[in-house]
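These are the residues of each chain, in order.
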Amino acid sequence: MNNLNHLAIIMDGNGRWAKKRNFLRQKGHEVGANVVEQICEFCTDQDIKILSLYAFSTENWKRPKREVEFLMDLLKKFLISKRENFIKNGIKFTTIGDISVFSNELKDEINLLKSLTHDNTKLKLNLAINYGAKDEILRAFKRVSELKLELNEQNLQNCLDESECIDLLVRTGGEQRLSNFMLWQASYAELAFSDTLWPDFTKDELAKIVENFKYKNRRFGGL
Ligand code: FPP
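Parameters at a glance
- Residues numbered from 1 in each chain as written.
- Predicted model: local features only at pLDDT ≥ 70, side-chain atom pairs only at ≥ 80, totals over all residues.
- Heavy atoms only, no water.
- Axes fitted to C-alpha atoms, helices over the stretch in contact; angles between N-to-C directions.
- Helix = DSSP H or I, 4+ residues; strand = E, 2+ residues; numbered from the N terminus.
- Parallel < 35°, antiparallel > 145°, perpendicular 65-115°, else oblique.
- Left-handed = near helix turned anticlockwise from the far one by under 90°.
- Contact = heavy atoms within 4.5 Å.
- Nonpolar A, V, L, I, M, F, W, Y, C, P; charged D, E, K, R; others polar.
- UniProt positions renumbered as here; feature names shortened; annotations may be inferred.
- 1 Å grid on protein atoms, 1.4 Å probe; cavity = no way out; pocket = protein on both sides within 12 Å on 5 of 7 lines; lining within 4 Å.
- Polar contact = N/O pair within 3.5 Å; in protein donor to acceptor, adjacent residues only side chain to side chain.
- Buried < 20%, exposed > 50% of the residue type's maximum accessible area, 1.4 Å probe, protein only.
- Pairing = 2+ DSSP bridges.

For the pair helix H3 (residues 65–81) and helix H5 (residues 104–116), the least separation of the axes is 10 Å and the interaxial angle reads 30°. Judged by the inter-axis angle, H3 sits roughly parallel to H5. As H3 runs across H5, the sense of the crossing is left-handed. Residues Met-72, Leu-75, Lys-76, Leu-79 and Ile-80 of H3 lie in contact with H5, whose contacting residues are Glu-105, Leu-106, Glu-109, Ile-110 and Leu-113. Of the residues in the contact of H3 with H5, the class split is seven nonpolar, no polar and three charged.

Take the UniProt feature "binding site: Mg(2+)" (unreviewed entry) in the protein chain next. As recorded in UniProt, the feature "binding site: Mg(2+)" (unreviewed entry) lies at Asp-12 and Glu-190. Those annotated residues that line the largest pocket are Asp-12. Relative to the elements of secondary structure, Asp-12 occurs in the loop between strand S1 (6–10) and helix H1 (14–20). Residue contacts for Asp-12: discarding those within four places in its chain leaves Arg-171, Thr-172, Gly-173, Glu-175, Thr-196, Leu-197 and Trp-198. Only 2.9 Å separates the side chain of Asp-12 from the side chain of Arg-171, close enough to count as a polar contact.

Once that is clear, we can look at the UniProt feature "active site" (unreviewed entry) in the protein chain. Feature annotation in UniProt assigns "active site" (unreviewed entry) to the following positions: Asp-12 and Asn-60. Annotated residues spanning 49 residues; largest pairwise C-alpha distance 12.4 Å, indicating a single compact cluster. Among the annotated residues just listed, those that line the largest pocket are Asp-12 and Asn-60. By relative accessible area, which is 19% here, Asp-12 ends up buried. By the secondary structure assignment, Asn-60 is in the loop between strand S2 (50–57) and H3. If we skip the residues at most four places from it in the chain, Asn-60 touches Ala-55 and Val-68.

In this section: the pairing of S1. Taken across its five residues, S1 has five buried, putting it largely inside the fold. By the alternation rule, side chains of S1 split into His-6, Ala-8 and Ile-10 and Leu-7 and Ile-9, which are all buried. Bridge count for S1 against S2 is five bridges, and the pairing is parallel. Counted as the bridge partner of Leu-7 is Leu-51 from S2. As defined by bridge partners, S1 adjoins strand S5 (residues 168–171) across four bridges and the pair is classed as parallel. Bridging across to S5, Leu-7 finds its partner in Leu-168.

As structure tokens, this is what we get:
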């Protein structure tokens, strides 16, 4: 039976969820943000050690200004509202992606939650914000060079924002692509695609996907 150490999720379908109900797209993001807590709870119950969630990509800046501003504000509210929950449940909050571009106010909230939860060991939550795999790999190359390390696979991997490989990568919302998400870490991930739009995604559906993952024959290129 496979061990699930690192679960990654592309949370897609918020906009379509809202459109189907004649709501603004923003409403879909708001409801979608609330699903995250349930998923963290599932991971701590199942002893999954790393959860990586794709919340905002390096390409999402192309969206209308109003939607981008809404997402930034939602992120700030999320960081504040989840503080007690993360502390209580042993969740170490961290980010992947280049956060240097965010406002000082947002960076302060990010850094505060990181420091308050730094010693937690039950689950590491990687929130991918201003994240793109190509950008991450490029930054890792630069870091290898700054540190004057030998350029090899292990050193490059250690310089990524997250160096642990993904065991299972789930994408909701019906599309079957990786959208520049953790391309290096996903090299031997099992992939699962769900038609459910992210705001409707539940622990129960995730439990079924995880159950299926446990019995996959993972060969990592061997026999
Ligand atoms: C994809 O749906 C979702 C995003 C680009 C943002 C993901 C954000 C959340 C789940 C909520 C915010 C989370 C936190 C933690 C603050 P889409 O807008 O691409 O949907 P569509 O494909 O239906 O248009």
